[in-house]
Amino acid sequence: MLSFDRSKMCGRTIIIFGGGIYGEIAYQVITKIYGGTVEVIIDNKYNSVPWTDQIVVRSNDLKKYHGADVLICAANAFTIIQKEVEQYKKNDMRAYDIRNILREYQHFCGEQKIESSNIYGDINIDEMILKYDYYAGVSNGYDEMLYLPYCVLCITNRCTLKCKNCAAFINKYQNKADYEKDSLIVNFAKIVDAVDGITELELMGGEPFLHREFGEILRWCIGQKKIHGVKIITNGTILPRPEIWELLKNSKVKLVFDDYGTLSGKLNHICEMAEQYGIHFERQKLQTWYQIEPICKKNLTVEEMQEIYYNCVFKTCIGMTNGKFYHCNVSGHMHNTGLLPDEEVEYIQIENKDWQTDELRREIKSFLSKQYLRACSYCNYGSHIEVRVAEQSD
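Residues numbered from 1 in each chain as written. Predicted model: local features only at pLDDT ≥ 70, side-chain atom pairs only at ≥ 80, totals over all residues. Heavy atoms only, no water.

A. The arrangement of the packing of aromatic side chains in detail. Throughout the structure, instances matching the rule amount to 14 aromatic pairs. Between the aromatic rings of Phe325 and Phe367, the centroid separation amounts to 6.3 Å while the plane-to-plane angle is 50°, which identifies the pairing as tilted. A residue pair is termed long-range when its members are at least 10 positions apart, and Phe325 in strand β16 (residues 324-326) and Phe367 in helix α11 (residues 357-367) qualify at 42 residues. For Phe367, a relative accessible area of 6% gives the class buried. Aromatic ring contacts, followed pair by pair, group Tyr134, Tyr135, Tyr142 and Tyr147 into a single cluster. (Phe/Tyr/Trp six-rings, centres within 6.5 Å; stacked < 30°, edge-to-face > 60°. Helix = DSSP H or I, 4+ residues; strand = E, 2+ residues; numbered from the N terminus. Buried < 20%, exposed > 50% of the residue type's maximum accessible area, 1.4 Å probe, protein only.)

If you want it as structure tokens, here you go:
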């Protein structure tokens, strides 16, 4: 695998594959430092990104392009993207890693504060480079450390919407309630103590702003040095209380609005308020949802479950729900709603267990090394059946 640099810019089409942090860095280096042009941006989740007005297309559009250089701009999905690009070698398509670009970006920024749509809080560019190098095949000791690039803390299963294909299965919860603040903090503190750092923690619902003690939970998260950034995704139906706005101003916090059109009835007003308070926020319109149900055992082989797991975007969606640490937060909600039997779910019991920090660290590292989950045999996500975003139940 070759690293992309300025010398590779020879009139070929440049494609950025990945709409997140790494994609934005590559875009800035190509357009602002190299003075080049990015023709195509690919991401299978979004149809727009906040750092350019260009339309984002899907990976199956790769077949349309000939003589293109594809920059792999995702760490965790590195091997998946590489494999996908290799299908189009006959179109004179080449895949590149962006290690040179990352280092050039770091040099360009120097000691300055990085102004970015995606990089916020205490996120460290050195850690990002270390992580990307590791997934690009460099043996650098990253695997000996225990960073959680992305982690979810589910704080409530209440929501203001009734989405048919909600990945949190909110419409399946019989007893809708907030998870109690003190238990949330005590249990999640055990995980924080056991890891080297959490790059991005998402406070998840349901609708997180419905939690009656949301402010206290957010305040605790902000105060943890190992939690580098806190993301809150909201559906634009709840106007936060005045004291919450003050907390959201913290540099560690990023507010993300899912734009569901008319369903997000207060979104414009909330965005105006966020601008007034100087809050780091993003308004996103998802490109597609995939049909999650029906949830039923398909009796897949180990090899089939490994294939589903390998290609699943949710495999990095680890986190804690109801006092249990799940490898896949989707499987956690399947379990908590009774869709996944107890004997078929993998998790670490956190609540009511007196973990020693080193013991829990070893358990988490072993847990995250799994190559598949038994839940993969139940989940319908692998079928990739597209459905309308945020379609409501009757």
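B. Examining helix α4 (residues 125-135) more closely. For α4, every residue scored as buried is listed here: Ile125, Glu127, Met128, Ile129, Lys131, Tyr132 and Asp133. Tucked inside the fold, the buried residues of α4 contact α1 (21-33), β5 (68-72), α2 (78-86), β6 (94-97), α3 (99-109) and β7 (147-148). Following α4 by one or two positions, Gly137 adopts a phi angle in the positive range, close to 105°. (Contact = heavy atoms within 4.5 Å.)

C. Local environment of the sheet that holds strand β13 (residues 281-284). Taken in spatial order, the eight strands line up as β13-β12-β11-β10-β8-β15-β16-β17 in an open sheet, and their pairing is mixed. Of all the strands in the sheet, the pair left with one neighbour each is β13 and β17 (347-349). Between one strand axis and the next, the sheet turns through 20° on average, direction left out of account. Sheet topology note: the strand β8 (residues 151-154)/strand β15 (residues 318-321) ladder contains three bridges and is parallel. Each residue of the ladder has a partner; that of Leu153, found in β15, is Met320. The sheet strands contacting helix α6 (residues 214-222) are β10 (201-204), β11 (230-234) and β12 (253-258), and the helix crosses β10 at an angle near 170°. (Pairing = 2+ DSSP bridges. Axes fitted to C-alpha atoms, helices over the stretch in contact; angles between N-to-C directions.)

D. Geometry of α3. Of the positions making up α3, those classed as buried are Arg99, Ile101, Leu102, Tyr105 and Cys109. All buried residues of α3 project into a common sector of 165° when viewed along the axis, lining one side. Residues of α3 that are exposed and point more than 90 degrees away from the buried face comprise His107 and Phe108. (Arc of directions from axis to C-beta.)

E. Region of the structure containing the pattern of salt bridges. Enumeration over the complete set of coordinates arrives at 25 salt bridges. A salt bridge links Asp69 to Arg94; the nearest nitrogen and oxygen atoms lie 3.3 Å apart. Of this pair, Asp69 sits in strand β5 while Arg94 is found in strand β6, placing the two residues 25 residues apart along the sequence. Taking the shortest distance from any N to any O, the salt bridge between Lys181 and Asp182 comes out at 3.5 Å. On the basis of relative accessible area, Asp182 is assigned to the partly exposed category, the value being 42%. What you see here is one network of salt bridges that share partners, running through Arg12, Asp69, Asp92 and Arg94. (Salt bridge = Lys/Arg side-chain N within 4 Å of Asp/Glu carboxyl O.)

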